[in-house]
Amino acid sequence: MNKKSKAELNTLYESRIFDMSFRGTSNDLSTVKIFTSKNSFEIEKQISFDSEYQQISSIEYFAGSVLSSILLTLLQQSEKRGSKIEEIEGVLNLTLENPLYLVGVKGYDQEPFIKKITVTVFLFLDLEDKDFNDLCFRALKNSPIYNTLKKSMELEVFFKKLL
């Protein structure tokens, strides 16, 4: 049984937990419309291997949210610490294992999954190397997406200082 301290029991739920809710519908049974608290967006495919396909797929939204969360966290944390990032860019590489299962190739029956994500962040930030690394790695601790994924998959983040 998980015993909680008296202070923990007296703490408001909202100060410890932030719940979010999303809704998805498919009226035409070919696209999914996702409703957030303020907006909505449509997704036609979970992934596309067609180089001509123009829409954003589920896996691209996912990768974009991972990358944007890391970059936005760095921007927020550097501002809080009084260090101004003058330039930032990130590159995310994603490895999807067993992709042929998704296109129905016979003999491929292992479920597809994201095996690895590698993020490289390029920053122009006027800090000494030790302070630069300290700021970057401490900032990651404030990214809920990063913190969730690092527990469930291979996730690497590299920081490169622009001169």
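Only a predicted model underlies this, so the values are computations on that prediction, with no experimental measurement involved. (Residues numbered from 1 in each chain as written. Predicted model: local features only at pLDDT ≥ 70, side-chain atom pairs only at ≥ 80, totals over all residues. Heavy atoms only, no water.)

K.L.:
Outline the sheet that holds strand 1 (residues 23–25), listing residues and values.
P.N.:
In spatial order, the strands read 1-2-3; together these 3 strands make up an open sheet with antiparallel pairing. The sheet is open, and its two borders are formed by strand 1 and strand 3 (40–43), each paired with just one other strand. Sheet twist, expressed as the average angle between the axes of neighbouring strands with direction ignored, equals 25°. Of the strand pairs in this sheet, strand 1 and strand 2 (residues 32–35) are connected by 3 bridges, and their pairing is antiparallel. (Pairing = 2+ DSSP bridges. Helix = DSSP H or I, 4+ residues; strand = E, 2+ residues; numbered from the N terminus. Axes fitted to C-alpha atoms, helices over the stretch in contact; angles between N-to-C directions.)

K.L.:
Give me the lowdown on the environment of Val 119, citing residues and values where you can.
P.N.:
Tracing the backbone through its elements, the reader meets Val 119 in strand 5 (residues 113–125). Each C-alpha atom, one on Val 119 and one on Val 66, is 9.0 Å from the other, the two residues being 53 residues apart in sequence. Ignoring anything within four residues of it in the chain, the contact list for Val 119 reads Leu 67, Ile 70, Val 91, Leu 92, Glu 156, Val 157 and Phe 158. (Contact = heavy atoms within 4.5 Å.)

K.L.:
Explain the sheet that holds strand 5 residue by residue, including any values.
P.N.:
What the 3 strands build is an open sheet, ordered 4-5-6; its pairing is mixed. Bordering the open sheet on either side are strand 4 (85–97) and strand 6 (154–161), each of which pairs with just one other strand. Adjacent strand axes in the sheet meet at a mean angle of 15° when their direction is disregarded. Packed onto the sheet, helix 4 (residues 129–140) meets strand 5 and strand 6 and runs at close to 145° relative to strand 6.

K.L.:
Got a sec to walk through helix 3 (residues 58–80)? Specific residues and values, please.
P.N.:
A turn of α-helix holds 3.6 residues, and therefore any two residues three or four places apart point the same way. Given a rise of 1.5 Å per residue, 23 residues ought to cover 33 Å, and the 32 Å separating the end C-alpha atoms of helix 3 matches this to within 8%. Taken together, the buried positions of helix 3 are occupied by Ile 59, Ala 63, Val 66, Leu 67, Ser 69, Ile 70, Leu 71, Thr 73, Leu 74, Gln 77 and Ser 78. For helix 3, the elements touching its buried residues are strand 4, strand 5, helix 4, helix 5 (144–149) and strand 6. Of the residues flanking the end of helix 3, it is Gly 82, one or two places downstream, whose phi is positive at about 75°. (Expected span 1.5 Å × (residues − 1). Buried < 20%, exposed > 50% of the residue type's maximum accessible area, 1.4 Å probe, protein only.)

K.L.:
Describe the nonpolar core, listing the residues and the values that go with them.
P.N.:
Within the largest apolar cluster, 25 residues are counted, with the highest numbers of intra-cluster contacts made by Ile 70, Leu 74, Val 119, Val 121, Val 157 and Phe 159. Take this core: its biggest share by element is 6 residues, from helix 3. Here Val 121 is in contact with Ile 70, Leu 71, Leu 74, Ile 88, Glu 89, Gly 90, Val 157, Phe 158, Phe 159 and Lys 160, once residues within four sequence places are set aside. (Core = buried A, V, L, I, M, F, W, Y, C linked by side-chain atoms within 4.5 Å.)

K.L.:
Please set out the pairing of strand 2 residue by residue, giving values where relevant.
P.N.:
Between strand 1 and strand 2, which pair antiparallel one after the other, the connecting turn spans 6 residues, and Leu 29 there sits at a positive phi close to 60°. The loop that links strand 2 with its antiparallel partner strand 3 comprises 4 residues.

K.L.:
An account of the packing of aromatic side chains is needed here, citing residue identities and associated values.
P.N.:
For the coordinates displayed, the defined rule picks out 2 aromatic pairs. Summarising the aromatic geometry, the rings of Phe 137 and Phe 159 are spaced 5.0 Å apart at their centres and angled 90° between planes, so their arrangement reads as edge-to-face. Placement of Phe 137 in helix 4 and of Phe 159 in strand 6 is noted, with a sequence separation of 22 residues between them. Of note, Arg 23 hangs over the ring of Phe 35, and the distance from its end group to the ring centre comes to 4.4 Å. Of note, Lys 45 hangs over the ring of Tyr 53, and the distance from its end group to the ring centre comes to 5.1 Å. (Phe/Tyr/Trp six-rings, centres within 6.5 Å; stacked < 30°, edge-to-face > 60°. Lys NZ or Arg CZ within 6 Å of the ring centre and 35° of its normal.)

These figures capture arrangement, not role.
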